[in-house]
Amino acid sequence: MVDIEGRRALIALAAGGTGGHMFPAEALAEEMKRRGWRVLLFTDDRGMRFGDSFPADEIVTLQAANPNVPGARAKVGAAFAMTGGIITALQAYRRHKPSIAVGFGGYPSAPAMAGARIMKVPYGVHEQNAVIGRVNRLVAPQARFVAHAFPMLERLPARVRGEVIETGNPVRDAIRAVAGSPYPDASDRLNLLVFGGSQGASLFSRIVPDALAALPAELRQRISVTQQVRDEEKDQVAATYQGAGIEADLAPFFKDIPARLTAAHLVIARAGASSVTELATVGRPSILVPLGIAMDDHQTGNASVLVAAGGADMIPERQFDANVLSARLGELLTDPGRLAQMAAAASTIAPDQAVSRLADIVTRLAR
Ligand SMILES: CC(=O)N[C@H]1[C@@H](OP(=O)(O)OP(=O)(O)OC[C@H]2O[C@@H](n3ccc(=O)[nH]c3=O)[C@H](O)[C@@H]2O)O[C@H](CO)[C@@H](O)[C@@H]1O
């Protein structure tokens, strides 16, 4: 147990609805619990999908909405949601009296950090991407610190009062447990892991099965695919793999990604921040296809970090078709030496101690 100024130390975390924001917040929650703190989480209904595994003493759901939606009526709705969210956050701050708050981005971070400011609770933000997100950009100027994942951080507001510190992206304990696992033997089976993250699996459902089906039969027979697919696409994808004689395990979400990453010889993924960080942490080669609609093209920024290290190939979405992918897969899957080299190169940018660095800053600034 840790006390700060006579109260049991408590951190308020805020993160929005995708795994990309929730998992880094979960990693910090795990670390603060280890250090004897209590944890309060602010999230939204979407984030509650990750609530079961989140080590929080209390979870408060906030109304939150995109303030940039087109249309006057939607904007008024968003303003109401924001006000409602701030009121709920203020009630929780009064009840729990946190020593510090940290926002990880996503809509619920906005009312949660606004509430912290009103209650004079020091707060910091963590940005997971190479380009700062909208909510973090909005709340960064008054933050006590802006921690960021990659060496570069684009579009940071000019006037930021607090410290700007590269910490890396915190990863969940389940990923840290398999950090740097030896590259699997590639002389027989070849495990391919394909996932899209919160959006972006559909493109893979359309392209990847055809690309694999076009590979030579002797290579196809050695491949086992694990692929994240939407429910409505599952039958079609399964049929293509079956027709091509390729073993496939298909699901809308895999809870055991750490084990599947460890077993993978090659990964095809989007370039969300956690995906990129996990590939580096476990040390696996990848073909990255940044999500074209991502705000400020931040996924290309994320992917570039792994590509520059030599750990990944990038294919822009507009060039990503079955022919291009099949050719790239044909080269990589028949060159295990190259895959192992890429795996080692990916590991060189694994964030060292990101979570404890972040926890140290939090502990120093809490009051
Ligand atoms: C569409 C969009 O705007 N996505 C953004 C979103 O993350 P998004 O959630 O799409 O992407 P991330 O790569 O950051 O995280 C995905 C997470 O889901 C996990 N996973 C994935 C598939 C699966 O079956 N099981 C599973 O556990 C991955 O291991 C990873 O931890 O927030 C990230 C962090 O701000 C951004 O970098 C992304 O660009």
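Residues numbered from 1 in each chain as written. Predicted model: local features only at pLDDT ≥ 70, side-chain atom pairs only at ≥ 80, totals over all residues.

- In its Sequence similarities (unreviewed entry) section, UniProt records this for the chain: "Belongs to the glycosyltransferase 28 family. MurG subfamily." (UniProt positions renumbered as here; feature names shortened; annotations may be inferred.)

1. Observations regarding the sheet that holds strand 9 (residues 163-166)
No. 1: Reading across from one edge, 5-4-3-6-7-8-9 is the order of the seven strands in this open sheet, with parallel pairing throughout. In this open sheet, the two strands that pair with only one neighbour each are strand 5 (58-61) and strand 9. The average angle at which neighbouring strand axes cross in this sheet is 20°, direction not considered.
No. 2: The strands that helix 2 (residues 72-96) touches are strand 3 (10-14), strand 4 (38-43) and strand 5; relative to strand 4, the one it contacts most, it runs at about 175°.
No. 3: Set on the sheet, helix 3 (residues 109-118) makes contact with strand 3, strand 4, strand 6 (100-103) and strand 7 (123-127); between it and strand 6 the angle comes to about 155°. (Pairing = 2+ DSSP bridges. Helix = DSSP H or I, 4+ residues; strand = E, 2+ residues; numbered from the N terminus. Axes fitted to C-alpha atoms, helices over the stretch in contact; angles between N-to-C directions. Contact = placed C-beta atoms within 7 Å.)

2. Notes on helix 12 (residues 322-333)
No. 1: Given a rise of 1.5 Å per residue, twelve residues ought to cover 16 Å, and the 16 Å separating the end C-alpha atoms of helix 12 matches this to within 8%.
No. 2: Looking only at helix 12, the buried set comprises Leu 325, Leu 329 and Leu 333. One face of helix 12 carries all of its buried residues, which in axial projection span an arc of 45°. Away from its buried face by more than 90 degrees, helix 12 exposes Asn 323 and Glu 331. (Expected span 1.5 Å × (residues − 1). Buried ≥ 20, exposed ≤ 12 C-beta atoms within 10 Å, placed from the backbone. Arc of directions from axis to C-beta.)

3. Thoughts on the nonpolar core
No. 1: One finds Ile 11, Leu 13, Leu 28, Ala 101, Val 102 and Leu 306 to be the most contacted residues of the largest nonpolar core, which totals 116 residues.
No. 2: For this core, the element with the highest residue contribution is helix 1 (residues 19-34), accounting for seven residues.
No. 3: Among the domains, domain 1 (3-170 + 351-365) and domain 2 (190-347) are the pair contributing at least three residues each to this core.
No. 4: Each residue touching Ile 11, except ones within four places of it in the same chain, is listed here: Met 32, Trp 37, Val 39, Pro 98, Ser 99, Ile 100, Val 102 and Val 362. (Core = buried A, V, L, I, M, F, W, Y, C linked by C-beta atoms within 7 Å. Domains from an automatic or database assignment.)

4. Some thoughts on unusual backbone geometry
No. 1: Despite not being glycine, Asp 296 has its phi angle at roughly 55°, a positive value.
No. 2: With respect to the helices, strands and loops of the structure, Asp 296 is situated in the loop between strand 14 (286-288) and helix 11 (298-309).
No. 3: According to the C-beta neighbour criterion, Asp 296 is partly exposed, with 16 such atoms within 10 Å.
No. 4: Phi angles above zero are rare outside glycine, and Gln 353 is one such case at about 60°.
No. 5: Within the fold, Gln 353 resides in the loop between helix 13 (336-347) and helix 14 (354-365).

5. Here's the deal with the domain arrangement of the chain
No. 1: Its domain assignment divides the chain into domain 1 (3-170 + 351-365) and domain 2 (190-347).
No. 2: Distance from the C-alpha centre of domain 1 to the C-alpha centre of domain 2: 30 Å.
No. 3: At the junction of the two partners, domain 1 supplies 17 residues and domain 2 supplies twelve residues.
No. 4: Looking at the side of domain 1 that touches domain 2 residue by residue, the class counts come to seven nonpolar, seven polar and three charged. (Nonpolar A, V, L, I, M, F, W, Y, C, P; charged D, E, K, R; others polar.)

6. Quick notes on the packing of helix 1 against helix 14
No. 1: Contact geometry of helix 1 with helix 14 gives a least axis separation of 9 Å together with a crossing angle of 65°. It follows from the interaxial angle that helix 1 and helix 14 lie roughly perpendicular. Crossing of helix 1 against helix 14: the hand is right-handed. Where helix 1 approaches helix 14, its residues Ala 27, Leu 28, Glu 31 and Met 32 are matched on the opposing element by Val 355, Ser 356, Leu 358 and Ala 359.
No. 2: When the residues that make up the contact of helix 1 with helix 14 are grouped by side-chain class, the tally is six nonpolar, one polar and one charged. (Parallel < 35°, antiparallel > 145°, perpendicular 65-115°, else oblique. Left-handed = near helix turned anticlockwise from the far one by under 90°.)

7. What to know about the UniProt feature "domain: Glycosyltransferase family 28 N-terminal" (unreviewed entry) in the chain
No. 1: Sites flagged by UniProt as "domain: Glycosyltransferase family 28 N-terminal" (unreviewed entry) map to residues 11-144.
No. 2: The annotated region residues 11-144 carries 43% helix and 17% strand content, and the separation between its end C-alpha atoms amounts to 14 Å.

8. Quick word on the pairing of strand 11 (residues 223-228)
No. 1: Summarising burial for strand 11: five of the six residues are buried, a large majority.
No. 2: Both strand 10 (residues 190-195) and strand 11 contribute to a ladder of five bridges, which runs parallel. Residue pairing in the sheet places Val 194 in a bridge with Gln 227 of strand 11.
No. 3: Pairing analysis gives five bridges linking strand 11 to strand 12 (residues 247-251), with the strands arranged parallel. In the strand pairing of strand 12, Gln 228 is matched with Ala 251.
No. 4: Read from strand 11 through helix 8 (residues 234-243) to strand 12, the crossover connection turns out right-handed. (Right-handed = clockwise from strand over helix to strand, strands pointing away.)

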